[in-house]
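Overview (structure and organization)
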Amino acid sequence: MGETFIEEMKRMSRLSEAERQLLAEMKPVLEKHAPQIVEAFYAQLEQFDRTRDILHAQPGRIERLKGHLARWLIRLADGQYGEDYHQERYRIGHRHVEVGLEPRFVIGAMSFCRTMIAPIIEQEYANDPQKDARRLALDKIMDLDLNIMLQSYDDKRIQQFLEVTGFSKELFENMIAGAAG
Ligand code: HEM
């Protein structure tokens, strides 16, 4: 079997064994700060009409989501980032496609997470010579998550297009390649 999506992307970003180790060590810090990040995250999403509408579309949704997001944050310290990690993150992306959330909000929200996490690393690892390495490693994992979640959008949209038009995937891909010259 060829290289999997997640193996290839880890190799492309040069996520090293040492970085995976640094990330795994950061789990207690993520656990400690998750509640505060989660509160800020949903307070931020309340500031935009589109995200507020989606959050309030179902009673109890925000409370449920707080638990989901805290678990998501803590699993950034997984340390292995294998196939089960890929599947979990892909399913999260798929859920956003199902609720009709436009991808720009996921990208914006990821950027917000980085903004929240940066000062926490600064403070928690103030005297740690690996501080910058930790932040870079976390950035790589957040990029990996974004990559996986955005792939869900692409897959879902192509699937819908194929269903509506009756085109085969091969025909569609040949058309795109032809149009691009
Ligand atoms: C960094 C970006 C984000 C992360 C990591 C994230 C994380 C998650 C997770 C872990 C779930 C649960 C998926 C499951 O059921 O398996 C979820 C679902 C969901 N997320 Fe997000 N999310 C992000 C951005 C957003 C944004 C910007 C919104 C805007 C409103 C949003 C709204 C939702 C909704 C409505 C659901 C489904 C909730 C339900 O099942 O009732 N998410 N998200």
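What counts and what doesn't
- Residues numbered from 1 in each chain as written.
- Predicted model: local features only at pLDDT ≥ 70, side-chain atom pairs only at ≥ 80, totals over all residues.
- Helix = DSSP H or I, 4+ residues; strand = E, 2+ residues; numbered from the N terminus.
- Buried ≥ 20, exposed ≤ 12 C-beta atoms within 10 Å, placed from the backbone.
- Core = buried A, V, L, I, M, F, W, Y, C linked by C-beta atoms within 7 Å.
- Contact = placed C-beta atoms within 7 Å.
- Near = placed C-beta within 6 Å.
- Nonpolar A, V, L, I, M, F, W, Y, C, P; charged D, E, K, R; others polar.
- Axes fitted to C-alpha atoms, helices over the stretch in contact; angles between N-to-C directions.
- Parallel < 35°, antiparallel > 145°, perpendicular 65-115°, else oblique.
- Left-handed = near helix turned anticlockwise from the far one by under 90°.

Now for the overall build of the chain. Secondary structure summary: the chain contains nine helices and zero strands in total. N-terminal to C-terminal, the α/β element order of the chain is α-α-α-α-α-α-α-α-α. Expressed along its principal axes, the backbone C-alpha trace of the chain runs to roughly 60 × 45 × 30 Å. Counting all 181 residues of the chain, 17% fall into the buried class.

Here we take up the nonpolar core. Core analysis: the biggest nonpolar cluster contains 18 residues, and L23, L76, L138 and I141 have the highest contact counts within it. Elements supplying a minimum of two residues to this core: α2 (17-25), α7 (103-124) and α8 (131-165). If you tally residues by element for this core, the top one is α8, at six residues. With residues up to four places along the chain from it excluded, the contact list for L138 reads L23, L76 and I117.

On to the environment of T115. Looking at the secondary structure, you find T115 in helix α7. Between the alpha carbons of T115 and I37 there is a distance of 10.0 Å; along the sequence they are 78 residues apart.

Neighbouring residues of the ligand: 22 residues in total, closest T51, I54, H68, F105 and A109. Of all the elements, helix α5 (residues 61-75) adds the most residues to the shell around the ligand, at six residues. Classifying every residue of the shell around the ligand by side-chain character gives 14 nonpolar, four polar and four charged.

Another aspect to go through is the packing of helix α6 (residues 83-98) against α8. α8 packs onto α6 with a crossing angle of 50° between their chain directions and a minimal axis gap of 8 Å. On the basis of the axis angle, α6 is oblique to α8. Where α6 crosses over α8, the handedness of that crossing is right-handed. Residues H86, R89, Y90, I92, G93, H94, H96 and V97 of α6 lie in contact with α8, whose contacting residues are D145, I148, M149, L150, Q151, S152, Y153 and K156.

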